[in-house]
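Given next are the chains, with one letter for each unit.
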Amino acid sequence: MDSIDKFYADIQKTKKHYRAEHSSYNGSACSKEIVSLFEKENPSIQSLASSFANYWFETYIQDSAAVSEEPTEEHIAKLVAMQSLLQDDLSGTDCLSSSDWKELCTLVNYEAEDLDIDLLNRLMAVFLDKQAF
């Protein structure tokens, strides 16, 4: 199992434990736990990870018509894709929309001065390829 598969499994485990530990399921609260998981997966780029996770939460969870069902598989795939991007594995990023790419690029630009130059260059090359500027 690679790290992306493990991250996906950890999300599923978080959802399962949340359901088991609470008398009623709260999709928003469970998703916030998943945001924390995402941030913990990226300790060396904590600020950027927080920005990505907040974007995911605000765009796909908070504005969902069915928050009680969140996070859905579709929305989990978006967060896993963001993790894939950060780990330089673009094979899992097909679910990201043009607007996702543009917003992620904006977030990276905002965090640029605090990022490792190699990571910044790699991400910018991806954004250029995805025409996210």
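Please refer to the structure higher up on the page.
Attention here is on the structure that accompanies the text. All values derive from a computational prediction rather than experimental measurement.

**Remarks on the pattern of salt bridges**
Counted according to the given criterion, the structure contains four salt bridges. Between D10 and K13 there is a salt bridge, with the nearest N and O atoms lying 3.8 Å from each other. Placement of the pair is D10 and K13 together in helix α1 (residues 3–21), with a separation of three residues, close to one helical turn. What makes D10 buried here is its relative accessible area of 12%. Where D88 meets R122, a salt bridge forms, and the shortest distance between an N and an O atom there is 3.5 Å. Of the two residues, D88 is situated in the loop between α4 (73–86) and α5 (98–111) and R122 in helix α6 (residues 117–129); the sequence distance between them amounts to 34 residues. Under the relative-accessibility criterion, D88 is labelled partly exposed at 45%.

**Focus on helix α2 (residues 27–41)**
Under the 1.5 Å per step criterion, the end-to-end length of α2 is 21 Å for 15 residues, consistent within 8% with the ideal 21 Å. Of all the residues in α2, the buried ones are G27, C30, S31, I34, V35, L37, F38 and E39. Against α1, α3 (46–61) and α4 lie the buried residues of α2. Of the residues flanking the start of α2, the one acting as N-cap is N26, its side-chain oxygen 3.0 Å from the backbone nitrogen of S28.

**A closer look at the environment of S68**
Counting through the fold element by element, S68 comes out in the loop between α3 and α4. By relative accessible area, S68 is classed as partly exposed at 45%. The spatial distance from the C-alpha of S68 to the C-alpha of D89 is 31 Å, given a sequence separation of 21 residues. Residue contacts for S68: discarding those within four places in its chain leaves Y25 and G27.

About the thresholds
Residues numbered from 1 in each chain as written. Predicted model: local features only at pLDDT ≥ 70, side-chain atom pairs only at ≥ 80, totals over all residues. Heavy atoms only, no water. Salt bridge = Lys/Arg side-chain N within 4 Å of Asp/Glu carboxyl O. Helix = DSSP H or I, 4+ residues; strand = E, 2+ residues; numbered from the N terminus. Buried < 20%, exposed > 50% of the residue type's maximum accessible area, 1.4 Å probe, protein only. Expected span 1.5 Å × (residues − 1). Contact = heavy atoms within 4.5 Å. Polar contact = N/O pair within 3.5 Å; in protein donor to acceptor, adjacent residues only side chain to side chain.

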